[in-house]
Amino acid sequence: MNVFAILDSMPAARLVRRIIGDESFEVFNAGERSTAIMMACGALTRELTPTVLLLDADTLEHRMLTQSRLTVGGILDRCHGRTPYRLILAIPQVEAILFSDREGLENALGRAVADLDWFEARFRPRAVFRRLLGEGDFEEKALTVIDALDDVALRRMARHPVVREIRSFMTEVQEPAAKRARVRRAG
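An account of the accompanying structure is given in this report.

With that settled, consider the sheet that holds strand β2 (residues 25-29). Ordered by their spatial adjacency, four strands build an open sheet running β2-β1-β3-β4, and the pairing between neighbours is parallel. Lying at the two open borders of the sheet, with one neighbouring strand each, are β2 and β4 (85-90). The average undirected angle you get between the axes of adjacent strands in this sheet is 20°. Alignment of strand β1 (residues 3-7) against strand β3 (residues 51-56), held across three bridges, turns out to be parallel.

Right under this line is the structure:
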């Protein structure tokens, strides 16, 4: 069974696709947040395909995270029917996955990342990534770095909570129902 993932940027979509690396996992770039939400609704209602909507939280504040989950979750609740979905908010942004493996990111960049940048990336990973890439076409440069990540870095980045949550959802929807049911035996 296929699982769709919808994200709102090409670099984020490429990163998640490379890390998951499963043929049943189809990743789509919506280009922007509102389009991603609508695409997820379309996948759930028309395609009837289990869908992950992965968006940037763009905050570290609990209240704002809750509000975003309720707002976007409410939209998805109205359009999902019986098709399973998972809303995942990357805290604070999907680029945090890149900063979960210093050695891998530095190898892909071809240079070391300063400790101060590494610290700031905990709060503003996209801004730090943009700064590290320098002037020019951000998307093109970001895709080049993401494509330069080696298999070891991808395996380490797969430990990030966002990736683990995607894999957990995939397991839930792809595992046969009989296998998921717990068998009670008379004791």
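Here the narrative resumes, following the displayed structure.
Before going further, it helps to examine the pattern of salt bridges. Between side chains of opposite charge, pairing is possible as soon as their charged atoms come close. A full pass over the atoms with the stated rule returns 11 salt bridges. Among the ionic pairs, R86 bridges to E172, the shortest N-O distance being 3.0 Å. Taken together, the residues R86 in strand β4 and E172 in helix α9 (residues 161-174) connect sequence positions 86 residues apart. Taking the relative accessible area as the measure of exposure, R86 reaches 18% and is therefore buried. Residues joined in a network through salt bridges with shared partners are D117, E120, R124 and R131.

All right, on to the pairing of β2 then. Where β1 meets β2, five bridges bridge the pair, whose relative direction is parallel. Within β2, the residue paired with V3 across the bridge is F25. With respect to chirality, the unit in which β1 leads through helix α1 (residues 10-20) into the neighbouring parallel β2 is right-handed.

Attention now moves to the environment of M1. Turning to its location among the elements, M1 is positioned in the segment before β1. Residues M1 and G134, 133 residues apart in the sequence, show an inter-C-alpha distance of 41 Å. Contacts of M1, omitting those with residues within four sequence positions, involve S24, P50, V173 and Q174.

Considered for burial, the residues of helix α4 (residues 102-109) that qualify are G104, L105, E106, A108 and L109. Two residues or fewer past α4, G110 is found with a positive phi of approximately 85°.

Our focus in this paragraph is unusual backbone geometry. Excluding glycine, residues mostly carry a negative phi; peptide bonds, for their part, are mostly trans. The amide bond that connects I91 to the next residue, P92, takes the cis arrangement and shows omega of -10°. The phi dihedral of L48 falls on the positive side, at around 55°, and the residue is not glycine. When you line up the elements, L48 lands in the loop between α2 (33-47) and β3. Exposure remark for L48: the relative accessible area of 58% places this residue in the exposed category. With a phi close to 55°, D58 is a non-glycine residue in the positive phi region. Structurally, the position occupied by D58 is in the loop between β3 and α3 (62-79).

Definitions and cut-offs
- Residues numbered from 1 in each chain as written.
- Predicted model: local features only at pLDDT ≥ 70, side-chain atom pairs only at ≥ 80, totals over all residues.
- Heavy atoms only, no water.
- Pairing = 2+ DSSP bridges.
- Helix = DSSP H or I, 4+ residues; strand = E, 2+ residues; numbered from the N terminus.
- Axes fitted to C-alpha atoms, helices over the stretch in contact; angles between N-to-C directions.
- Salt bridge = Lys/Arg side-chain N within 4 Å of Asp/Glu carboxyl O.
- Buried < 20%, exposed > 50% of the residue type's maximum accessible area, 1.4 Å probe, protein only.
- Right-handed = clockwise from strand over helix to strand, strands pointing away.
- Contact = heavy atoms within 4.5 Å.

Geometric values such as these leave the question of function open.
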